[in-house]
Amino acid sequence: MESMVFELTHNEVKKFNAWKESLPPLKEIDVWGEVFQYEFIFYPTGLGTTKIVRRSDGLEIDLTDYSKW
């Protein structure tokens, strides 16, 4: 069975952390805590992979570097 591995670059991690720090705090945190309030979504395409992070309240950031497509 083949596996797929998705990674964020150092710059994408920095961009995510800056965005995360700029957000207002969540009013409700589930049993898993604040760390698990983010969903990392990767969409492989023929041109590249889109990289989106969505917080549990629906706010999201697109970390995709489209200049490399």
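This is a predicted model, so every value here is computed, not measured.

Undergrad: What exactly am I supposed to notice about the side chain of Glu 12 here?
TA: You can see Glu 12 is positioned in helix H1 (residues 10-22). Residues within four places of Glu 12 in sequence aside, it is in contact with Glu 7, Lys 51, Leu 63 and Asp 65.

Undergrad: Could you clarify how one ought to interpret the confidence of the model for the protein chain in this entry?
TA: Do not read the predicted coordinates in detail wherever pLDDT is low. When the pLDDT values of the protein chain are averaged, the result is 88; 88% of them are 70 or greater. Strand S1 (residues 38-44) is the least confidently modelled element of the protein chain, averaging 94 in pLDDT, while strand S3 (residues 60-62) averages 98, the highest of any element.

Undergrad: Would you mind going over the pattern of salt bridges with me for this structure?
TA: Tallied over the entire structure, the rule returns four salt bridges. For Glu 12, the salt bridge goes to Lys 51, with nearest N and O atoms at 3.0 Å. Of this pair, Glu 12 sits in helix H1 while Lys 51 sits in strand S2 (residues 49-55), and the two are 39 residues apart along the sequence. Taking relative accessible area as the criterion, Glu 12 reaches 8% and is therefore assigned buried. One salt bridge connects Glu 60 with Arg 54, and the closest N-O pair in it is separated by 2.9 Å. A residue is classified by how much of its surface remains accessible, and Arg 54, at 29% relative accessible area, is partly exposed. Beyond isolated ion pairs, a larger network of salt bridges with shared partners links Glu 39, Arg 54 and Glu 60.

Undergrad: Help me understand the sheet that holds S1 in this model?
TA: By definition, the strands of a sheet pair up through backbone hydrogen bonds, in either a parallel or an antiparallel sense. If you walk across this open sheet you meet the three strands as S1-S2-S3, and the pairing is antiparallel. In this open sheet, the two strands that pair with only one neighbour each are S1 and S3. Averaged over all pairs of adjacent strands, the angle between their axes in this sheet comes to 20 degrees, without regard to strand direction. Pairing geometry for S2 and S3, over three bridges, is antiparallel. Across the sheet, Arg 54 pairs through a bridge with Glu 60, a residue of S3.

Undergrad: What should I look at first to understand the environment of Arg 54 in this one?
TA: Looking at where Arg 54 falls in the secondary structure, it is placed in strand S2. When the C-alpha positions of Arg 54 and Phe 40 are compared, they lie 6.6 Å apart, and in sequence the two are 14 residues distant.

Undergrad: Could you clarify how one ought to interpret H1 in this entry?
TA: An α-helical turn contains 3.6 residues, so a residue and the one three or four places further along point in the same direction. Compared with an ideal rise of 1.5 Å per residue, which puts 13 residues at 18 Å, H1 spans 19 Å between its outermost C-alpha atoms and is within 8% of the ideal. Of the residues making up H1, those classed as buried are Glu 12, Phe 16 and Trp 19. For H1, the angular spread of the buried residues around the axis is 65 degrees, confining them to a single face. Every exposed residue of H1 that faces more than 90 degrees away from the buried side is listed here: His 10, Asn 11, Lys 14, Glu 21 and Ser 22. Next to the buried residues of H1 lie S1, S2 and S3.

Calculation criteria
Residues numbered from 1 in each chain as written. Predicted model: local features only at pLDDT ≥ 70, side-chain atom pairs only at ≥ 80, totals over all residues. Heavy atoms only, no water. Helix = DSSP H or I, 4+ residues; strand = E, 2+ residues; numbered from the N terminus. Contact = heavy atoms within 4.5 Å. pLDDT = per-residue confidence, 0-100. Salt bridge = Lys/Arg side-chain N within 4 Å of Asp/Glu carboxyl O. Buried < 20%, exposed > 50% of the residue type's maximum accessible area, 1.4 Å probe, protein only. Pairing = 2+ DSSP bridges. Axes fitted to C-alpha atoms, helices over the stretch in contact; angles between N-to-C directions. Expected span 1.5 Å × (residues − 1). Arc of directions from axis to C-beta.

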